[in-house]
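Spelled out, the chains give:
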Amino acid sequence: MNDHLDTLKRSLIGGQIDRRGFMTGALAFGVGLSMASSAYAQAEKATPKQGGTLRVGFLQGSTSDSFDPATYNNDFMFVTNYAVFNHLTEFAPGGAIAPELAESFEAEPGAKVWTFKLRKDVEFSDGRKLTAADVLASIDYHRGEDSKSAVKPVLAQIAEMKASDDHTVVFTLTTGNADFPYIFADYHLCIKQASDGKIDPMSRIGTGGYTVESFEPGVRIKLKRRDSYWKEGRAHFEQVEITTISDTAARMNALMTGQVDVVDRPDLKTIHLLKRAPGVRVETTSGTLHYTMPMHVNTPPYDNRDVRTALKLAINREELVEKILRGYGTVGNDHPVAKSMPFFDPAIEQRAYDPEKAKFHLKQAGLSSLDVQLFTSEAAFEGAVDASLLYAEQAKKAGINIEVVRQPSDGYWSNVWLVKPFCTSYWGGRPTPDWMFTAGYSKDAEWNDTKWQNERFNTLLLEARAEIDQNKRAEMYSEMQRLCRDDGGALIPMFGQYVFALRDQVQHGELSEQWNLDSLRFVERWWMA
Amino acid sequence: MGRIWILVGERLALGVITLLVVSALIFVGVELLPGDLAQEILGQSATPETVAAFRHELGLDQPAIQRYFHWLLGAVQGDFGTSLANNRPISELLSVRLGNTLFLAAFAATVSIPLALTLGILAALYRNSIFDRLCNVVALIWVSLPEFFVAYVLILFLAVRVALFPSLSNIDPGMPFGELVYRSFLPALTLVLVVMAHMMRMTRAAIINVLASPYIEMARLKGMSRLRVILYHALPNALAPIINVVALNLAYLVVGVVVVEVVFVYPGLGQLFVDAVTHRDVMVVQSVGLLFAAAYILLNLIADVLSIVTNPRLMGERR
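Residues numbered from 1 in each chain as written. Chains lettered and ligands numbered in written order. Predicted model: local features only at pLDDT ≥ 70, side-chain atom pairs only at ≥ 80, totals over all residues. Heavy atoms only, no water.

Q: Give me the overall build of chain A: which residues, what numbers.
A: In terms of helices and strands, chain A carries 18 helices and 23 strands. Against the 2.2 N^0.38 benchmark of 24 Å for 529 residues, chain A shows a C-alpha radius of gyration of 25 Å, consistent with a compact globule. Principal axes of the C-alpha set define a box for chain A whose edges measure 75 × 55 × 50 Å. A buried classification covers 58% of the 529 residues belonging to chain A. A separation threshold of at least 6 residues defines the contact pool for chain A, and within that pool the share at least 24 residues apart is 69%. Within the structure as shown, chain A displays about 20,600 Å² of accessible surface, and the carbon and sulfur contribution to it stands at 49%. Across chain A, the centroid of the 60 positively charged side chains sits 3 Å from that of the 71 negatively charged ones. (Helix = DSSP H or I, 4+ residues; strand = E, 2+ residues; numbered from the N terminus. Rg over C-alpha atoms; globule rule 2.2 N^0.38 Å. Buried < 20%, exposed > 50% of the residue type's maximum accessible area, 1.4 Å probe, protein only. Contact = heavy atoms within 4.5 Å. Areas by Shrake-Rupley, 256 points an atom, 1.4 Å probe, with all protein chains shown as cover. Lys, Arg positive; Asp, Glu negative; His and termini not counted. Charge placed at Lys NZ, Arg CZ, Asp CG, Glu CD.)

Shown next as structure tokens:
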């Protein structure tokens, strides 16, 4: 009977039947009247509805924001970007990659040559059709000598790209990469209009579901739905208004008093009060965000593997998740592959807090006690200083003295991270193990924050990238996760969850978990019940 | 009267020099902070290459002295330049925000100044009565609490418990006046509570001070009512200190309301200033800093001129 009800719900959602048809169908199968109505109400909530104004309150957003995709650096601009622009690919629920402006993409064997076929029905908001030239110019903007873009290192793998016709783009890579389509879902790589092979980086004309009505950086943006949006079943809100509310209490108040419908990053200390508020619900997604304490493996004492292992054993991960993240997270296992990512290996044993074993490893390294400095700042992540102090306390039991050195938040990423041999940091994470390892752990990565140079690891990285056989890849990535956990310099105590709160009338389908808020695409995916 | 104009001229000239010094100090201050705009915007994702490319594009690779004088030359001609971060003309960035800030300051001032003066006079009139004590205690309580706490208390009672006013002051320049007043009511009320005490107590103290003079005693002996004595004989002689305190508080309303802006999400100059400092957008920091300095200088000048004009003795010297 439940199967039948599900079928009915699907037909209702798909629009093949109406309420009468639903109720008759349900009653015919002996479903009680009240149950049938409540099932109807449930299914109706899950049916996207057109219209309404969505008001959003965000922590981030700054007067210095602009539409230049090379300098996007906060959620406000990421979300705006996905509302106004499209990309070649997008993250679907479940972590898969789906074509967006591309109709399809495929690789030649060896994954070195990739062909992206573009949709032919896509128009920019000024009426111009999308062509391959726009795609080439938009991606080219981030390459080149004078690029200031954060995705420049990732795009270095493209040896050549060209348009074979108006709607086909062919990429030739320096080495094969089976995960190549993922990189185009990144928020920097939005597609803007080209003229003479260049884009205007500040342009607000996109192919997305919304156009910009007004934009006051650091204050608010107003978006209006485009009637001629090419993507079916998307962009339900008539209008969207995103306001920067950097004060956490003000943001929560705005949600509770109904002045906004969605807020990000509620205060975890008082979240139990928010949950009790009528008409409000709190949701979480797991994602790939993780907090790290990178050690430089080329600097004593961290050049000794036993010392690193001792430091990894001397941290009580459960306590950190409980006290620093207030339960909104999971323990990490000293490698950056999240449970939600493809090729995560659940068979690898979880490292636990074991001061005795840590002492043993210190002895192996010829030490009876260890004194180290841990550089930290709230800039690394919220609670980083507390996490460091807590760790220092836990490590004492293993005979390790950690001196917590607090640094100013200003310039932390230039003066401390990558510079000091042991510090706190975070990674927003990447959707695939290959991308994550390449960005932060490969031997010539710009952001190799542990200076780790493991030969076996680097060989595997290249082999796995070009390997098409998924089973072989899984084996290779499993070995790499182990190498990273046991030999690498990164202490990864915990993975964070994304937390957001919304009013009851805001509805959504299954969430994509790569980033916060439906992988930052909630504006075009959610709707008002 | 001519002397007054000479004084105004002198003070304005001094003001211009002060502004120059202020702009140089701000520039040096921002330069001394660790990191620059390229590093702050690119953040964790910066690589040496991309930072260098960004700096070159912004002109940050030129010597600091050269950049300062380039900006100064523009500013003297009324061109504040463009924001480094998003290429928008600074004058455009400033005008809306300045308008909002001045509106909020004016709103708070039109409520708080008459209220503070009236209460101060009444407190002086009924000195040491229950009314006097109550006024003092209440005013002191509000001024002792941090601004954000006052703001939260008001939000709790006037926006959450009883939904009288919105807790977000998201105002648009195009809104009708009534809507503007409604939306900015809570931030204005917060500011009123914060600046009231200072002005009220100064009024009271200044009047009481004058009340000790022999001529007041004479007036009382003539049989004048207490109110009349205060309004016609004491107040005019107590104006100078009151005017100075009012000017000080007005300046504060213009430049010092960052916290209130943040709590109520009011798009004023303070938030712009903080963002610009965070991202080392030197041009914007300079321009806002100059505006703030100019507000202080002008308000102080006005206060001085008014104190002289209202004091026949000071005016008299010049005859």
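Don't stop here, the text continues.
Q: Describe the sheet that holds strand 21 (residues 498-503) of chain A, and please don't skip the residues or the numbers.
A: Sheet strands pair via backbone hydrogen bonds, and the direction of the pair is either parallel or antiparallel. All names here are of chain A. The mixed open sheet is built from seven strands, whose spatial order is 10-11-12-1-13-21-14. Only two strands of the sheet have a single neighbouring strand rather than two, namely strand 10 (210-216) and strand 14 (280-285). For this sheet the average axis-to-axis angle between neighbouring strands, irrespective of direction, equals 20 degrees. Bridge count between strand 1 (residues 53-58) and strand 13 (residues 262-264): two bridges; the pairing is parallel. Its bridge partner lying in strand 13, Gly57 is registered against Val263. (Pairing = 2+ DSSP bridges. Axes fitted to C-alpha atoms, helices over the stretch in contact; angles between N-to-C directions.)

Q: So what's going on with the layout of surface pockets? Which residues, and what values?
A: Residue and element names in this part refer to chain A. Each pocket or cavity is described by its volume, and for the second largest pocket that value is around 560 Å³. Along its surface, the second largest pocket is lined by 24 residues, and Pro153, Thr438, Ser442, Asp444 and Arg465 are the ones closest to its centre. Listing elements by their share of the lining of the second largest pocket, those giving two or more residues are helix 6 (152-155), helix 14 (433-440) and helix 15 (455-466). For the lining of the second largest pocket, the class distribution of residues is 10 nonpolar, eight polar and six charged. The residues that make up the lining of the second largest pocket include at least three from each of domain 2 (86-199) and domain 4 (287-497). (1 Å grid on protein atoms, 1.4 Å probe; cavity = no way out; pocket = protein on both sides within 12 Å on 5 of 7 lines; lining within 4 Å. Points joined across faces, edges and corners; volume = space filled by probe spheres on them. Nonpolar A, V, L, I, M, F, W, Y, C, P; charged D, E, K, R; others polar. Domains from an automatic or database assignment.)

Q: Which residues make up unusual backbone geometry, and what values go with them?
A: Residues and elements named next belong to chain A. For the bond from Pro300 to Pro301, the omega torsion is 0 degrees, close enough to zero to count as cis. Note that Pro301 resides in the loop between strand 15 (290-294) and helix 9 (305-313). Within the chain, Asp196 stands out as a residue other than glycine whose phi angle is a positive 55 degrees. Position of Asp196 relative to the elements: it lies in the loop between strand 8 (194-195) and strand 9 (198-199).

Q: Describe the sheet that holds strand 20 (residues 490-496) of chain A, listing the residues and the values that go with them.
A: Residue and element names in this part refer to chain A. Spatially, the four strands line up as an open sheet ordered 16-20-15-19, and their pairing is antiparallel. Every other strand in the sheet has two partners, leaving strand 16 (329-331) and strand 19 (425-427) as the edge strands with one partner each. Sheet twist, expressed as the average angle between the axes of neighbouring strands with direction ignored, equals 30 degrees. The sheet contact formed by strand 16 and strand 20 spans three bridges and is antiparallel. Pairing of Thr330 across the sheet is with Phe495, part of strand 20.

Q: Kindly report on the pattern of salt bridges, identifying the contributing residues and their values.
A: This structure, assessed with the given rule, holds 40 salt bridges over all chains. Notably, a salt bridge pairs A:Asp518 with A:Arg525, separated by 3.2 Å at the nearest N-O pair. With relative accessibility at 2%, the residue A:Asp518 sits in the buried group. With relative accessibility at 8%, the residue A:Arg525 sits in the buried group. One salt bridge connects B:Arg204 with B:Asp132, and the closest N-O pair in it is separated by 2.8 Å. One end of the pair, B:Arg204, is in helix 9 (residues 185-211); the other, B:Asp132, is in helix 6 (residues 130-144), with 72 residues separating them in the sequence. (Salt bridge = Lys/Arg side-chain N within 4 Å of Asp/Glu carboxyl O.)

Q: Talk me through helix 5 (residues 132-140) of chain A; I want residue IDs and the actual numbers.
A: All names here are of chain A. Burial runs high along helix 5: seven of the nine residues are buried. Burial in helix 5 covers these residues: Ala132, Asp134, Val135, Leu136, Ala137, Ser138 and Ile139. Those residues of helix 5 hidden inside the fold are in contact with strand 5 (113-118), helix 6, strand 6 (158-165), strand 7 (168-173), strand 8 and strand 9.

Q: Break down the confidence of the model for chain B for me, citing the residues and quoting the values.
A: Looking at chain B, the pLDDT average stands at 85 and 98% of residues meet or exceed 70. Taking the mean pLDDT of every element in chain B, the minimum, 67, falls on helix 15 (residues 312-316) of chain B and the maximum, 91, on helix 9 of chain B. (pLDDT = per-residue confidence, 0-100.)

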